[in-house]
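Report on the structure
Single-letter residue listing:
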Amino acid sequence: MQIQAAIAEMKKRENAVILAHYYVPDEVQAAADYVGDSYYLAKAAMAAEAETIVFCGVHFMGESAKILNPSKRVLMPELSADCPMAHMADRRQIEKLRAETDSLAVVCYINSTAELKALSDVTVTSSNAVKIVRSLKEKNILFIPDANLGSFVAEKVPEKNFYFSGGYCPVHASLLAADVAAEKAAHPGAEVLTHPECTEGVRALSDFIGSTADIIRRAGESGAESFIVCTEPGVLYELRTRYPSKRFIPVSMACADMKKNTLEALYACLAEGKGEVRMGEEEMNAARRPLERMLELAK
Ligand code: 13P
Ligand code: SF4
């Protein structure tokens, strides 16, 4: 039996739903019931009715699914798939700034551990960060962990004062403005579509900045016929499927952790119940409020 058919059979047997991020391998996106950006997947996980949620992504995504829908069994094809940026903030910095600063909100990118979320007032994703930060009553914002997304939000919300923890996505931060400039010179007329985890230098060369889902939407709405894509190349699978007559030029390296989600690992996790996300009640309860607040404010 083909592995795709075996996965479909196991999914039925286990009463499971498969969620996948746009950065996982193409064939895993094709096997999933729901594919999307972090915000869409958090909502899909919370609404899931199946007994088991299989989350093809990185660890913070499985954790968020468990926190938002705790009665479900959450499995991940590869539990070691972890976003390095999720750890790039420090409890002491947060506590010190809270003690020293009036009117401070700690805003935490969803790419973060449950521990960091629990120390925060609200979480955000790349698709709702500007809207949520703008809506907060506090004047001062400590934005953790991604300083690149944070500086993008700061540009859009100049009325607030920002502090950063200095974290970054190693994939997006290694995408060089010089490489984007070279692709622009080689493809005049191509539109540059960029994820806000990229550096300021790359963002300055871009025509459009948004989450993976925003980038996909923009490519459909734009009159351009070719696009330089400044985000993880997994997104090209959806772009090429939806818009076969348009041309997409990748410039980013791949995210090694997202690529751990192979079809074989997906099958094994369903067949053997491997890779369950386990969290303590207290840990989940502490991180739930900032996630739920995001869902309320992003509506
Ligand atoms: P989005 O899914 O919000 O576009 O974020 C991309 C990302 O890096 C997820 O790890
Ligand atoms: Fe983390 Fe970057 Fe990989 Fe997204 S692309 S999971 S932010 S390392």
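In what follows, the accompanying structure is described. Within any chain, residue numbers begin from 1 and follow the written order of that chain's sequence. All chains are assigned letters beginning at A, and all ligands numbers beginning at 1, according to the order in which they are written. In view of the model being predicted, local features appear only for residues whose pLDDT reaches at least 70, and side-chain atom pairs are presented and counted only at 80 or more, with totals across whole chains, interfaces and linings using the full set of residues. Hydrogens are left out, water is left out, and the side-chain values use all remaining heavy atoms of the structure.

**Points about the packing of helix α12 (residues 212-221) against helix α13 (residues 235-242)**
Axis definition: a line fitted to C-alpha atoms, over the contacting stretch in the case of helices. Angles run 0 to 180 degrees between N-to-C directions. Strands here are runs of E lasting at least two residues and helices are runs of H or I lasting at least four, both read from the DSSP assignment and numbered beginning at the N terminus. With their axes 10 Å apart at the nearest point, α12 and α13 run at an angle of 25° to one another. Classed by the angle they form, the pair α12 and α13 counts as roughly parallel. Between α12 and α13 lies a crossing whose hand is right-handed. Every residue of α13 that contacts α12 at Thr212, Ile215, Ile216 and Ala219 is listed here: Val235, Glu238, Leu239 and Arg242. Roughly parallel covers angles under 35 degrees, roughly antiparallel covers those over 145, roughly perpendicular covers 65 to 115, and oblique covers all other angles. Crossing chirality is assigned from the near helix's rotation relative to the far helix, an anticlockwise turn below a right angle marking it left-handed and a clockwise turn marking it right-handed. What makes two residues a contact is simply this: any of their non-hydrogen atoms within 4.5 Å.

**Brief notes about the site of ligand 1**
Residues in close proximity to ligand 1 total 13 residues, the closest being His21, Ser38, Ser126, His195 and Thr212. As used in this structure description, the phrase polar contact means that two N or O atoms lie within 3.5 Å; if the pair is within protein, one of them must be able to donate a hydrogen and the other to accept it, and residues adjacent in sequence are counted only when both atoms belong to side chains. A distance of 2.9 Å separates an oxygen atom of ligand 1 from a polar backbone atom of serine 38. Histidine 195 has a polar side-chain atom sitting 2.9 Å from an oxygen atom of ligand 1. When ligand 1 sits alone it has 300 Å² of accessible area, and the protein chains cover 96% of it. Class assignment for the residues of the shell around ligand 1 results in four nonpolar, seven polar and two charged. Summary of the distance rule: residues count as near a molecule or strand when at least one heavy atom falls within 4 Å of that molecule or strand. Computed by Shrake-Rupley with a 1.4 Å probe, the accessible areas treat only the displayed protein chains as cover when residues are assessed. Amino acids are sorted into nonpolar (Ala, Val, Leu, Ile, Met, Phe, Trp, Tyr, Cys and Pro), charged (Asp, Glu, Lys and Arg) and polar (every other residue, Gly among them).

**Points about the sheet that holds strand β2 (residues 34-36)**
For two strands to count as paired, DSSP must find a minimum of two bridges between them. With parallel pairing, four strands are arranged side by side in an open sheet as β2-β1-β3-β4. Taken across any chain shown, the strands that pair with only one partner, and hence form the sheet edges, are β2 and β4 (73-75). Direction aside, the axes of adjacent strands within the sheet are offset by 20° on average. The pairing of strand β1 (residues 16-21) with strand β3 (residues 52-56) spans five bridges and is parallel. Pairing of leucine 19 across the sheet is with phenylalanine 55, part of β3. Across the sheet, helix α3 (residues 38-47) touches β1, β2 and β3, and the angle it forms with β2 is around 150°.

**Here's the deal with the nonpolar core**
Core analysis: the largest hydrophobic core is formed by 71 residues, its most contacted members being Val54, Val153 and Leu266. Once you skip the residues sitting within four places of it in the chain, valine 153 turns out to touch Ala129, Val130, Val133, Phe143 and Phe162. Among buried residues, the Ala, Val, Leu, Ile, Met, Phe, Trp, Tyr and Cys ones that are joined through side-chain atoms within 4.5 Å form a nonpolar core. Exposed residues in this analysis have more than 50% of their type's maximum accessible area, buried residues have under 20%, and partly exposed residues fall in between, with area computed by a 1.4 Å probe over protein chains only.

**Focus on helix α8 (residues 147-156)**
Considered for burial, the residues of α8 that qualify are Asn148, Leu149, Gly150, Ser151, Phe152 and Val153. If you check the start of α8, you find a side-chain oxygen 2.9 Å away from the backbone N of asparagine 148, and it comes from aspartate 146.

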